[in-house]
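Fold and contact review
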Amino acid sequence: MNLSVAKFLAFEQTLKNALSLYKLGGAAGGSDFDPKGKSEIEVMRFCQSFMDELYRYLGPDQDFPAEDVGVGPREMGFLFGQYRRLSGHFQGNFTGPKIFWSGSSFRTEATGYGLVFFARVVLADMNKELKGLRCAISGSGKIAMHVLEKLLSCEAIPVTVSDSEGYLFDGDGFDYVKYTLIRNIKAQQRSLKEYLKTFPRAKYINDAKPWGEQCDIAFPCASQNEIDQGEALSIISSGCRVLIECSNMPCTGQAVDILRKAKVHVAPAKATAAGGVAVGELELNPEFSLMQWSVEDFENKIQEAVKQTYDRSMKAAQEYGILKENPESLVHGANISAFLNIAQAMTDQGCV
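From a predicted model like this one, the values you see are computed outputs, not experimental measurements. (Residues numbered from 1 in each chain as written. Predicted model: local features only at pLDDT ≥ 70, side-chain atom pairs only at ≥ 80, totals over all residues. Heavy atoms only, no water.)

**A word on the overall build of the chain**
- Along the chain, the regular secondary structure elements total 13 helices and seven strands.
- Over its C-alpha trace the chain gives a radius of gyration of 20 Å, about what one expects of a compact globule, namely 20 Å for 352 residues.
- With the principal axes as the frame, the chain shows a C-alpha extent of 55 × 55 × 40 Å.
- In the chain, buried positions account for 48% of the 352 residues.
- Taking as baseline every contact in the chain between residues at least 6 positions apart, the subset at least 24 positions apart corresponds to 63%.
- Counting only carbon and sulfur atoms, one obtains 52% of the accessible surface of the chain, whose full area is about 17,300 Å².
- With 37 positive and 43 negative side-chain charges, the chain shows a spacing of 2 Å between the two charge centroids. (Helix = DSSP H or I, 4+ residues; strand = E, 2+ residues; numbered from the N terminus. Rg over C-alpha atoms; globule rule 2.2 N^0.38 Å. Buried < 20%, exposed > 50% of the residue type's maximum accessible area, 1.4 Å probe, protein only. Contact = heavy atoms within 4.5 Å. Areas by Shrake-Rupley, 256 points an atom, 1.4 Å probe, with all protein chains shown as cover. Lys, Arg positive; Asp, Glu negative; His and termini not counted. Charge placed at Lys NZ, Arg CZ, Asp CG, Glu CD.)

**Some words on empty space enclosed by the protein**
- On inspection of all chains with the given rule, the structure shows one cavity of 30 Å³ or more.
- If you trace the largest cavity, you find it lined by K16, L19, S20, K270, A271, A273, A274, V277 and T309.
- Elements that contribute at least two residues to the lining of the largest cavity include exactly α10 (269-272) and α11 (274-283).
- Partitioned by chemical class, the residues of the lining of the largest cavity number five nonpolar, two polar and two charged. (1 Å grid on protein atoms, 1.4 Å probe; cavity = no way out; pocket = protein on both sides within 12 Å on 5 of 7 lines; lining within 4 Å. Points joined across faces, edges and corners; volume = space filled by probe spheres on them. Nonpolar A, V, L, I, M, F, W, Y, C, P; charged D, E, K, R; others polar.)

**Focus on the nonpolar core**
- Judged by nonpolar contacts, the single largest core of 53 residues is most densely connected at L130, L151, L168, I182, I217 and F219.
- Per-element accounting of this core gives the leading share, ten residues, to helix α4 (residues 107-125).
- Ignoring anything within four residues of it in the chain, the contact list for I182 reads M145, L148, V161, L168, F174, L192 and Y195.
- Membership of the second largest hydrophobic core comes to 16 residues, among which are A232, C251, A255 and V331. (Core = buried A, V, L, I, M, F, W, Y, C linked by side-chain atoms within 4.5 Å.)

**A closer look at the state of the cysteines**
- Taken as a whole, this structure holds zero disulfides when the rule is applied.
- Here C240 stays free of any disulfide, with the sulfur of C215 as its closest cysteine sulfur at 4.3 Å. (Disulfide = S-S within 2.5 Å.)

**Some remarks on a nonpolar patch on the surface**
- Taken together, the side chains of L21, Y22 and L24 make up a nonpolar region of the molecular surface, amounting to roughly 270 Å² of accessible area.
- Note on placement: L21 falls in the loop between α1 (3-18) and α2 (40-54).
- The exposure class of L21 is exposed, given its relative accessible area of 51%. (Patch = residues over 30% accessible without salt bridge, like charges linked within 9 Å, V, L, I, M, F, W, Y side chains within 5 Å. Salt bridge = Lys/Arg side-chain N within 4 Å of Asp/Glu carboxyl O.)

**With respect to the domain arrangement of the chain**
- For the chain, the assigned domains read domain 1 (35-102) and domain 2 (103-351).
- Taking only C-alpha atoms, the centre of domain 1 and the centre of domain 2 are 27 Å apart. (Domains from an automatic or database assignment.)

**Examining the side chain of T252**
- Of note, T252 is situated in the loop between β6 (242-244) and α9 (253-261).
- Assessed through its relative accessible area of 16%, T252 is described here as buried.

**Some thoughts on the packing of helix α12 (residues 295-319) against helix α13 (residues 329-349)**
- Packing of α12 against α13 brings their axes to within 7 Å, and their N-to-C directions diverge by 95 degrees. Between α12 and α13, the angle is such that the two are roughly perpendicular. Seen from α12, the contacting residues are Y310, R312, S313, M314, A316 and A317; seen from α13, they are S329, L330, G333, A334, I336 and S337.
- Along the lines of polarity and charge, the residues of the contact of α12 with α13 split into seven nonpolar, four polar and one charged. (Axes fitted to C-alpha atoms, helices over the stretch in contact; angles between N-to-C directions. Parallel < 35°, antiparallel > 145°, perpendicular 65-115°, else oblique.)

**A few points about unusual backbone geometry**
- One non-glycine residue, E155, lies in the positive phi region at around 65 degrees.
- With relative accessibility at 48%, the residue E155 sits in the partly exposed group.
- In this structure, N225 takes a positive phi of about 55 degrees despite not being glycine.
- Residue position: N225 is located in the loop between β5 (217-220) and α8 (229-237).
- The class of N225 is partly exposed, set by a relative accessible area of 43%.

Next up, the structure:
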């Protein structure tokens, strides 16, 4: 984490939010503090020190932080506790699963489920469905695990997940039993290699990424620039024809060029994040009590936001002469629609 990464994430978040109906701005932040090897007290003290500087920029009408790489429910709890102590009241939304102190019970699922719903919309436009398709996933954090979970409910066949040491491949595909095992392994902060003790037919490849494995759809959920020139060629060779960006800007510039020439359909992260953006925005609206929502209400709301974002992006592409059949139409349409919304706001309000 550095200032350059924070700027890129803030810019990308601004474009993501500009694609939604709510017309929020965007921001991003973080720290180069490394929690590995630190005690819980050290992590708590750091979170409190961080919030000492951050709290004046947060509030129900201002901004709210969310979980991300290295920041889970524990860290959000520490951050919220210090925010409450400094601000003197119980308000604002710190997105996380601990609904008894703040935020939505579905917030962590929203982004992951939304990515799968977005894939379903893209495939529907191609007269295809997720059922029976082999899916390669990178990462094994919250978003990746929720993508895996929702793919199973859509009867797709996820075959890979990865961590910092390599990737896990199960040619038979993961099922709910295997998903539960992976989730437990990650909850105990153990290596995915532990999976092989229970399912020895699977394989774990050290110091590699999963993009060489045969698949129909790729879900890069790990980090920015995780797919370079070589990995893009592997994706094409694997038979993959649809790539759903889950992490921010997972492909390098060279990888994008290669995927474009091979006519791989790419759904950009600024559009695919519609589910997480929608629930985050609803949390800012005091009229909505997400704690009272059923799972069906929650999923319907995400699907509605995903469909609107997809339609808005495709409409913008067509208005600017980009044909629907063009594999890049969604990328161009999302960029155009987001840019025009921001440009209009700056024209109306001035550069403030």
